[in-house]
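Architecture and fold: a report
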Amino acid sequence: MKHPKSILITGGSSGIGEALALDYAAPGVFLGLTGRNRERLDRVAARCRAAGAEVATAVVDVREADALAAWMAGLDRQAPLDLVIANAGISAGTGSAGESDRQARDIFAVNVDGVVNSVLAAAALMRPRRRGQIAIMSSLAGFRGFPGAPAYCASKAAVRVWGEALRGMLAREGIEVTVICPGYVKSPITGRNDFPMPFLMEADRAAGIIRRGLAANRARIAFPRRLFAAAWLLALLPPAWTDPLLGRLPEKAASEPQPGS
Ligand SMILES: NC(=O)c1ccc[n+]([C@@H]2O[C@H](COP(=O)([O-])OP(=O)(O)OC[C@H]3O[C@@H](n4cnc5c(N)ncnc54)[C@H](OP(=O)(O)O)[C@@H]3O)[C@@H](O)[C@H]2O)c1
């Protein structure tokens, strides 16, 4: 959608979500932002208001379907939602111990169930007016499973494929769906990574790419191109060729779940 005026971003309190909120913030724009941390959310909201936007915030956990849907419906009554970006997500952190059992469950709960909750609530609101756009935050990690982040990769693959299919289904109802697959973007969580991140990008640059892709109603916004090509190639090659290489990559730590990639 070219010039969305009413935009909801889950996980708008930090990283890519914050950068998107700031990018869209302007006079005449209504922003709905969620996150779990009230302080961070208020800080982002204040910056968006300074840029002229009207902002509503809520500490809502995307895993709580009813609370999320109720909040979204309230916002929609205030300013019918043009664009909903299901961005909130977590990963296991960084280090050398992979994902714990608990982390794996939490990652699926937030990155899959949380996205499903956000997208279904958005579609229900947009369907009657046959208008609106839904963006789903996947990742280049959703093209091939990496031994260091199995649940994270699987969660991103699930929402990517779901979004690709939903695009065709919801197009019949006048709703646009886009899947976003970023590579490494600077955010609180990649800031803690202790391994080299190829083509690491600033969050505001990523937000610009995402915004332009959404304005053009692209099916998939995958960037940076060279990392996307590498992810695509890894997915195409037989696992017997790629497993030895992937087995040598750094793993995520078994610390408590952290937001981000
Ligand atoms: N950074 C990357 O390199 C990268 C690459 C590909 C994809 N992604 C994806 O991009 C999205 C944003 O990540 P980011 O890097 O910007 O990380 P981030 O800075 O940690 O942002 C994550 C956001 O999600 C929110 N959040 C987490 N769990 C939530 C929950 N249960 N309910 C509601 N909100 C929740 C966080 O809120 P609080 O801070 O208030 O807790 C925060 O606003 C994620 O889906 C991530 O997987 C990131």
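Description of the structure in this document. (Residues numbered from 1 in each chain as written. Predicted model: local features only at pLDDT ≥ 70, side-chain atom pairs only at ≥ 80, totals over all residues. Heavy atoms only, no water.)

**Observations regarding the overall build of the protein chain**
Assigned secondary structure in the protein chain consists of eight helices and nine strands. Relative to the compact-globule value of 18 Å for 261 residues, the protein chain shows a C-alpha radius of gyration of 17 Å, a close match. Intrachain contacts of the protein chain at a sequence separation of at least 6 include 72% that bridge at least 24 residues. Counting every atom, the protein chain has about 11,600 Å² of accessible surface; 56% of that belongs to carbon and sulfur. Distance between charge centres in the protein chain, computed from 32 positive and 23 negative side chains, equals 7 Å. (Helix = DSSP H or I, 4+ residues; strand = E, 2+ residues; numbered from the N terminus. Rg over C-alpha atoms; globule rule 2.2 N^0.38 Å. Contact = heavy atoms within 4.5 Å. Areas by Shrake-Rupley, 256 points an atom, 1.4 Å probe, with all protein chains shown as cover. Lys, Arg positive; Asp, Glu negative; His and termini not counted. Charge placed at Lys NZ, Arg CZ, Asp CG, Glu CD.)

**Overview of the packing of helix α4 (residues 101–126) against helix α5 (residues 150–171)**
Following both chains from N to C, one finds α4 and α5 inclined at 15°, their axes separated by 8 Å at the closest point. Classified by the angle their axes make, α4 and α5 are roughly parallel. The hand of the α4/α5 crossing is right-handed. Residues Ala104, Ile107, Phe108, Asn111, Val112, Val115, Val116, Val119, Leu120 and Ala123 of α4 form the contact with α5, whose own contacting residues are Ala151, Tyr152, Ala154, Ser155, Lys156, Ala158, Val159, Trp162, Leu166 and Leu170. Residues of the contact of α4 with α5, tallied by class, amount to 17 nonpolar, two polar and one charged. (Axes fitted to C-alpha atoms, helices over the stretch in contact; angles between N-to-C directions. Parallel < 35°, antiparallel > 145°, perpendicular 65-115°, else oblique. Left-handed = near helix turned anticlockwise from the far one by under 90°. Nonpolar A, V, L, I, M, F, W, Y, C, P; charged D, E, K, R; others polar.)

**Brief notes about unusual backbone geometry**
Here the bond from phenylalanine 223 into proline 224 is cis, since omega is -10°, no more than 30 degrees from zero. With respect to the helices, strands and loops of the structure, proline 224 is situated in the loop between β8 (220–223) and α7 (225–236). In this structure, arginine 130 is a non-glycine residue whose phi angle is positive, near 50°. In the Ramachandran plot, phenylalanine 199 falls in the positive-phi region, its phi being about 60° despite a non-glycine side chain. With respect to the helices and strands, the residue phenylalanine 199 is situated in the loop between β7 (175–182) and α6 (203–215). Taking the relative accessible area as the measure of exposure, phenylalanine 199 reaches 36% and is therefore partly exposed. (Buried < 20%, exposed > 50% of the residue type's maximum accessible area, 1.4 Å probe, protein only.)

**Remarks on the packing of aromatic side chains**
Tallying each qualifying case throughout the model produces four aromatic pairs. A connected cluster of aromatic rings, assembled from ring pairs, spans Phe143, Phe228 and Trp232. Directly above the aromatic system of phenylalanine 143 lies the positively charged group of arginine 160, at a separation of 4.1 Å from the ring centroid. (Phe/Tyr/Trp six-rings, centres within 6.5 Å; stacked < 30°, edge-to-face > 60°. Lys NZ or Arg CZ within 6 Å of the ring centre and 35° of its normal.)

**Looking at the nonpolar core**
Core analysis: the largest hydrophobic core is formed by 39 residues, its most contacted members being Met72, Ile134 and Ile136. Those elements that place two or more of their residues in this core are β3 (54–59), α3 (65–78), β4 (83–86), α4, β6 (132–137), α5 and β7. Tallying contributions element by element places α4 first for this core, with ten residues. Apart from residues no more than four positions distant in its own chain, isoleucine 134 is found in contact with Val84, Val119, Ala122, Ala123, Met126, Leu170, Ile175, Glu176, Val177 and Thr178. By size, the runner-up hydrophobic cluster in this structure holds 32 residues, among which are Ile16, Ala21, Ile180 and Ala203. (Core = buried A, V, L, I, M, F, W, Y, C linked by side-chain atoms within 4.5 Å.)

**Notes on the side chain of arginine 144**
Note that arginine 144 resides in the loop between β6 and α5. Judged by its relative accessible area of 17%, arginine 144 falls in the buried class. A polar side-chain atom of arginine 144 sits 2.8 Å from a polar atom in the side chain of threonine 242. Beyond its immediate sequence surroundings of up to four residues, arginine 144 is in contact with Cys153, Leu234, Ala235, Pro239, Thr242, Asp243 and Leu246. (Polar contact = N/O pair within 3.5 Å; in protein donor to acceptor, adjacent residues only side chain to side chain.)

**Some thoughts on the environment of aspartate 101**
Tracing the sequence through the fold places aspartate 101 in helix α4. For aspartate 101, a relative accessible area of 65% gives the class exposed. As a C-alpha pair, aspartate 101 and glutamate 164 span 63 residues in sequence and 29 Å in three-dimensional space.

**Focus on the site of the ligand**
Not every one of the 34 residues close to the ligand is listed here, only the nearest: Ser13, Ser14, Ile16, Tyr152 and Val185. In the model, an oxygen atom of the ligand is placed 2.8 Å from a nitrogen or oxygen of the arginine 40 side chain. Its free accessible area being 890 Å², the ligand has 99% of it covered by the protein chains. Here the shell around the ligand is built from residues that sort into 13 nonpolar, 16 polar and five charged. (Near = heavy atom within 4 Å.)

**Re α7**
The end-to-end C-alpha separation of α7 is 16 Å, in line with the 16 Å expected for twelve residues at 1.5 Å each. The set of residues buried in α7 consists of Leu227, Phe228, Ala231 and Leu234. Down the axis of α7, the smallest arc covering the buried residues is 125°, so these residues share one side. Seen from the open side of α7, the exposed residues pointing more than 90 degrees away from its buried face are Arg225, Arg226 and Leu236. (Expected span 1.5 Å × (residues − 1). Arc of directions from axis to C-beta.)

Geometric values such as these leave the question of function open.
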